[in-house]
Amino acid sequence: MGSISDLKMDMKEALSGEDRSDFDDIGGVTIEMKDVTFGYRSGGTVIRDINLKIDRPGLYCVIGPNGVGKSTLIKCMSKIEDLTSGDILINGRSIRTMRHKDVAKFIGYVPVVSKDVFSMSVLETILIGCQNRRSGDSDESKMKAVYKVMVLLNIQDLSEKLFSELSAGQHQKVAIARGLVQKPKVLILDEPTANLDVKYQVYVVELLRALAESEGMIVIMISHDLNISAKYAHEVIMMSAPGVIYKTGAPEEVITKENIEEVYGVHCKVIDDEGVPVVILGQSMMDEFGNID
Amino acid sequence: MKFIGDIEEDPLIAKPMSRMVREWSRTDESDSEGYRKHMADYHRTIRRRLFFIVLCVVITIVAAGYAIAYGPLDISFTETYATIWNHITGNIQNTGMDFIIVSVRAPRIVAGIFGGIGLAVCGAVLQSVLRNPLADSYTTGVSSGASFGATLAIALGMSVVNSTPTVIMAFVFSMLPILAIVLLSKHRSASSPTVMIMFGIGLMYIFNALTTVFMLWSSPEDLAAIYNWQVGSLAKVTWDNIPYMAAIVVAGIIIIQLLSGKLNVLATGDENAKALGISPHRLRVLFLAVTGLVCAGVVSFTGVIGFVGLVTPHIVRIFIGADNRYLIPASALFGAMLMVVCDLLGRAVLDPAVLPVGVVMAFIGGPTFIWLLVRKGNSAW
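Residues numbered from 1 in each chain as written. Chains lettered and ligands numbered in written order. Predicted model: local features only at pLDDT ≥ 70, side-chain atom pairs only at ≥ 80, totals over all residues.

Peer 1: So what exactly am I meant to see when it comes to the overall build of chain B here?
Peer 2: Across its full length, chain B holds 15 helices and zero strands. With respect to the three principal axes, the spread of C-alpha positions in chain B is 85 × 50 × 40 Å. Out of the 381 residues belonging to chain B, those deemed buried represent 48%. A sequence separation of at least 24 residues applies to 75% of the contacts in chain B between residues at least 6 apart. (Helix = DSSP H or I, 4+ residues; strand = E, 2+ residues; numbered from the N terminus. Buried ≥ 20, exposed ≤ 12 C-beta atoms within 10 Å, placed from the backbone. Contact = placed C-beta atoms within 7 Å.)

Next up, the structure:
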């Protein structure tokens, strides 16, 4: 909760058109998580003592079973959740001292796609992503940025359609477009391939990998597909219960038979396809009562 | 790291993809035909919205003229506006006519315009802020609070000499639910939009129950006064009240319009808002406080007028979409139009009997709204 002075500041900015920020010029980005712990007041701890440093461009896939805190991890990185303890340094500056708008200058966060209560057109939905651009930016330049990102994702013909009228794949494209129009150095996505057919799954990860390589972006995505992660990620972050990082590294180092059986509790076979690990799942490791947890 | 180098040499990325990504940040699209078409389409959309807004203004002006002209003494439409023009320019020619039009009939219409603007904008903002199509001054408890305040003032005999105590009590009690919701939102667990609106509904029932209790204890004369207040009417607003009402409504709308871009972000949910650099809790509290004030500023003078706040934003969304930068001004003017037209019909249809404006709005607006919903489907929300 903010104080009255915060409200006054918001009003002042809105009325004067000013958009103060200490972070107008941004080079490369380093994200460093130090002993990060997060827990809800009501429940237990979700992630604990996370130490992670991401300082090179690339596509990072966060994998792990349900409920190990993958979403919480990336929400903490984007300041959507406030840390319980520990700290996250973005270019050496503590996330605790940064405002949402400061973080948004570095990080574009794309949540799991959900329909808004009142659906706007595709163009307006993406235009919302320009919220944090400097107010000096004219409407013209915002519109140009929106158009360019629509061309990139080949959705320019949908611009007048309502968001609610789109297919799942198109929803995901619009969500990514809204993240990209912020021009972030870091793009963080919560399950961008969920609910998509294989064509769109491949499209999305190809795009994200291409963005990392061509634009030098850090792209962090959560995925439940081990084979997609193994093939496309530059680095894999494997999380396990109870909310800790089990292993990070190149896909062939992390996505191994031992690690998958240990973390997921599923028998599997991992074969090598020209250096890319391919996971073939076997039976679950169920106890005699049928429990899998 | 396994591979990070020339995108051209990455076998995992299809050639068109690598081309598009490279071109994305390196080409300036401003001269392309696609961009020109894109801008032309966008400008057409904007023009369509402006046309809708202008249409509302024109209908409001025409309807206001007829509304003032209509009454026991027959005055023509042109005479009405001529008299108003003469009054404004200080060139009063017929003092009797001037008195009837400016002093007797105009306050009702001006109150309708500001009331319509205020209530419709409050509905639009509350629906976006609370992300709920059912949000309005009723479901946040503001109207019920005002109703209870007025009931209390009448039942306790505070308003014998004039109506000022009723207005003040209505205003104070209509702000209580907003204050309570703002205080509630300090608790993280109770600050979600859904909890806020359920809290508002809870307060609504409490206030309604209290109102009923006081009505049971009231004398028949007070009961009539209370009932009269509760159905809401533009008839009781005078020129003395209008400056207060107008000042609150205009100030509120200016603030809301300036923040309408941020309201769009807030309407997409807290996670999105934070990701786009906005603190949702603070902004929500600010919007609730402003809409609470505007709403209280209207209902304190007019009594409870339903329908306009809830339904106007929905009708407007059907025509111009959910972008709050346009939805706010369009709702304001549509609300003003609806109030003036319905007030006129309420006086004209069963003449000499007068139907309260809220009743007419429900009779005309209700079926229209349902028809629009069925015809358009629910794709807009």
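Peer 1: Please clarify how the overall build of chain A should be interpreted in this entry.
Peer 2: Each helix and strand in chain A was counted, giving 10 helices and 12 strands. When the 293 residues of chain A are sorted by exposure, 45% land in the buried category. A separation threshold of at least 6 residues defines the contact pool for chain A, and within that pool the share at least 24 residues apart is 62%.

Peer 1: Even after reading the chapter, I still don't get the interface of chain A and chain B, so can you show me in this structure?
Peer 2: Note: interface size is frequently given as the accessible area lost on complex formation between the parts. Counting from both sides, the interface comprises 55 residues of chain A and, opposite them, 55 residues of chain B. For the side of chain A that touches chain B, the leading source of residues is helix 7 (residues 198-215) of chain A, giving eight residues. Split by residue class, the side of chain A that touches chain B holds 24 nonpolar, 14 polar and 17 charged. (Nonpolar A, V, L, I, M, F, W, Y, C, P; charged D, E, K, R; others polar.)

Peer 1: Sorry if this is basic, but what is going on with the confidence of the model for chain B here?
Peer 2: Regions with low pLDDT should not have their predicted coordinates read in detail. All names here are of chain B. In this model, chain B carries a mean pLDDT of 87, and residues with pLDDT of at least 70 account for 95%. Averaged over each element, pLDDT in chain B is lowest for helix 15 (residues 357-376) (80) and highest for helix 9 (residues 242-258) (95). Listed scores for the predicted complex are pTM 0.87 and ipTM 0.84. (pLDDT = per-residue confidence, 0-100.)

Peer 1: Got a minute to help me understand helix 9 of chain B in this structure?
Peer 2: Helical geometry note: an α-helix holds 3.6 residues per turn, so side chains three or four residues apart project in the same direction. All names here are of chain B. Between its first and last C-alpha, helix 9 extends 24 Å over 17 residues, near the 24 Å set by a 1.5 Å rise per residue. Taken as a whole, helix 9 has its buried residues at Met245, Ile248, Val249, Gly252, Ile253, Ile255 and Ile256. Each buried residue of helix 9 sits inside an arc of 165 degrees when the element is viewed along its axis, so together they form one side. Seen from the buried face of helix 9, the exposed residues on the opposite side, beyond 90 degrees, are Pro243, Ala247 and Ile254. Buried positions along helix 9 lie against helix 4 (95-129), helix 10 (260-267), helix 12 (280-302) and helix 14 (324-348). (Expected span 1.5 Å × (residues − 1). Arc of directions from axis to C-beta.)

Peer 1: Would you mind showing me how to read the sheet that holds strand 7 (residues 186-189) of chain A here?
Peer 2: Picture the strands of a sheet paired through backbone hydrogen bonds; they go either parallel or antiparallel. All names here are of chain A. Strand order in the open sheet formed by six strands is 6-7-8-3-9-10, and the pairing between neighbours is mixed. Two strands in the sheet have a free side with no partner beyond their single neighbour: strand 6 (107-110) and strand 10 (244-249). Averaged over all adjacent pairs, the angle separating strand axes in this sheet is 15 degrees, with direction ignored. Note that strand 3 (residues 58-63) and strand 8 (residues 218-222) share five bridges and pair parallel. Bridge pairing links tyrosine 60 to isoleucine 220 in strand 8. On top of the sheet, helix 2 (residues 70-77) reaches strand 3, strand 6, strand 7, strand 8 and strand 9 (235-240); it is set at about 150 degrees to strand 8, its chief contact. (Pairing = 2+ DSSP bridges. Axes fitted to C-alpha atoms, helices over the stretch in contact; angles between N-to-C directions.)

Peer 1: Looking at this structure, I do not really get the confidence of the model for chain A. What am I missing?
Peer 2: Model confidence for chain A is summarised by a mean pLDDT of 86, while 89% of its residues fall at 70 or above. In this model residues 14-26 of chain A is a low-confidence stretch, pLDDT under 50, and it forms 20 contacts with partners more than four residues away in sequence or in other chains.

Peer 1: Hey, could you run me through the packing of helix 4 of chain B against helix 14 of chain B in this one?
Peer 2: Helix-helix packing is characterised by the crossing angle of the two axes and by the distance between the axes. Residue and element names in this part refer to chain B. Running from N to C, helix 4 and helix 14 point in directions that differ by 140 degrees, and their axes come no closer than 7 Å. Judged by the inter-axis angle, helix 4 sits oblique to helix 14. As for the relative orientation of helix 4 and helix 14, their crossing is right-handed in sense. Two secondary-structure elements touch here, helix 4 through Ile109, Gly112, Ile113, Gly115, Gly116, Ile117, Leu119, Ala120, Val121, Ala124 and Ser128 and helix 14 through Asn324, Leu327, Ile328, Ser331, Ala332, Phe334, Gly335, Ala336, Leu338, Met339, Val340 and Asp343. (Parallel < 35°, antiparallel > 145°, perpendicular 65-115°, else oblique. Left-handed = near helix turned anticlockwise from the far one by under 90°.)

Peer 1: Looking at this model, I keep getting lost on the nonpolar core. Mind explaining?
Peer 2: For soluble globular proteins, nonpolar side chains are generally found buried alongside one another. If you look at the biggest cluster of nonpolar residues, it comprises 197 residues, and the most contacted ones within it are Val219 of chain A together with Val121 and Val340 of chain B. Of all the elements, helix 4 of chain B adds the most residues to this core, at 16 residues. Non-local contacts of valine 219 of chain A, meaning those with residues more than four positions away in its chain, are made with Leu59, Tyr60, Leu187, Leu208, Leu211 and Ala212 of chain A. (Core = buried A, V, L, I, M, F, W, Y, C linked by C-beta atoms within 7 Å.)

Peer 1: Help me out: how do you make sense of the environment of methionine 17 of chain B in this one?
Peer 2: When you line up the elements, methionine 17 of chain B lands in helix 1 (residues 15-26). We classify methionine 17 of chain B as buried; it has 20 C-beta atoms within 10 Å. Taking the C-alpha atoms as reference points, methionine 17 of chain B and histidine 87 of chain B, 70 residues apart in sequence, are found 69 Å from one another. Setting aside its immediate chain neighbours within four residues, methionine 17 of chain B contacts Glu206, Leu207 and Ala210 of chain A.

Peer 1: What is the right way to read the sheet that holds strand 5 (residues 93-94) of chain A from this model?
Peer 2: Residues and elements named next belong to chain A. The strand order 2-1-4-5 describes an open sheet built from four strands, whose pairing is antiparallel. Since the sheet does not close on itself, it has two edges, and those belong to strand 2 (45-54) and strand 5, each with one partner. Pairing between strand 4 (residues 85-90) and strand 5: two bridges, direction antiparallel. The residue bridging isoleucine 90 from the neighbouring strand is arginine 93, located in strand 5.

Peer 1: Would you mind showing me how to read helix 4 of chain B here?
Peer 2: All names here are of chain B. Taking 1.5 Å as the rise per residue, helix 4 with 35 residues should run 51 Å; its terminal C-alpha atoms sit 48 Å apart, in good agreement. Of all the bends in helix 4, the greatest reaches close to 55 degrees and is centred on alanine 106; the proline proline 107 follows between one and four positions later. Just downstream of helix 4, arginine 131 is the residue with a positive phi angle, here 50 degrees. (Bend = angle between axes of the 7 residues up to and from the residue.)

Peer 1: Looking at this model, I keep getting lost on the packing of helix 13 (residues 308-320) of chain B against helix 14 of chain B. Mind explaining?
Peer 2: Residue and element names in this part refer to chain B. Running from N to C, helix 13 and helix 14 point in directions that differ by 120 degrees, and their axes come no closer than 9 Å. One finds that helix 13 runs oblique with respect to helix 14. Remark: the crossing between helix 13 and helix 14 carries right-handed chirality. In this structure, helix 13 contributes Val308, Thr312, Pro313, Ile315, Val316, Arg317 and Ile320 to the contact, and helix 14 contributes Tyr326, Leu327, Ala330, Ser331, Phe334, Gly335, Leu338 and Met339.

Peer 1: Even after reading the chapter, I still don't get the pairing of strand 1 (residues 31-39) of chain A, so can you show me in this structure?
Peer 2: Looking down a regular strand, the side chains alternate between one sheet face and the other. All names here are of chain A. Two elements, strand 1 and strand 2, share six bridges in a ladder whose sense is antiparallel. Directly across from methionine 33, in strand 2, lies its bridge partner leucine 52. The loop that links strand 1 with its antiparallel partner strand 2 comprises five residues.

Peer 1: Explanation requested: unusual backbone geometry in the structure shown.
Peer 2: Leave glycine aside and you will find that most residues have negative phi; peptide bonds, for their part, are mostly trans. All names here are of chain A. Note the cis peptide between alanine 241 and proline 242, where omega equals -5 degrees. Position of proline 242 relative to the elements: it lies in the loop between strand 9 and strand 10. Although it is not a glycine, aspartate 35 adopts a positive phi angle of roughly 45 degrees. Among the secondary structure elements, aspartate 35 is positioned in strand 1. Residue classification places aspartate 35 among the exposed residues on the basis of 12 C-beta atoms within 10 Å. For lysine 183, which is not glycine, the phi dihedral falls at a positive 55 degrees. Locating lysine 183 in the fold gives a position in the loop between helix 6 (168-180) and strand 7.

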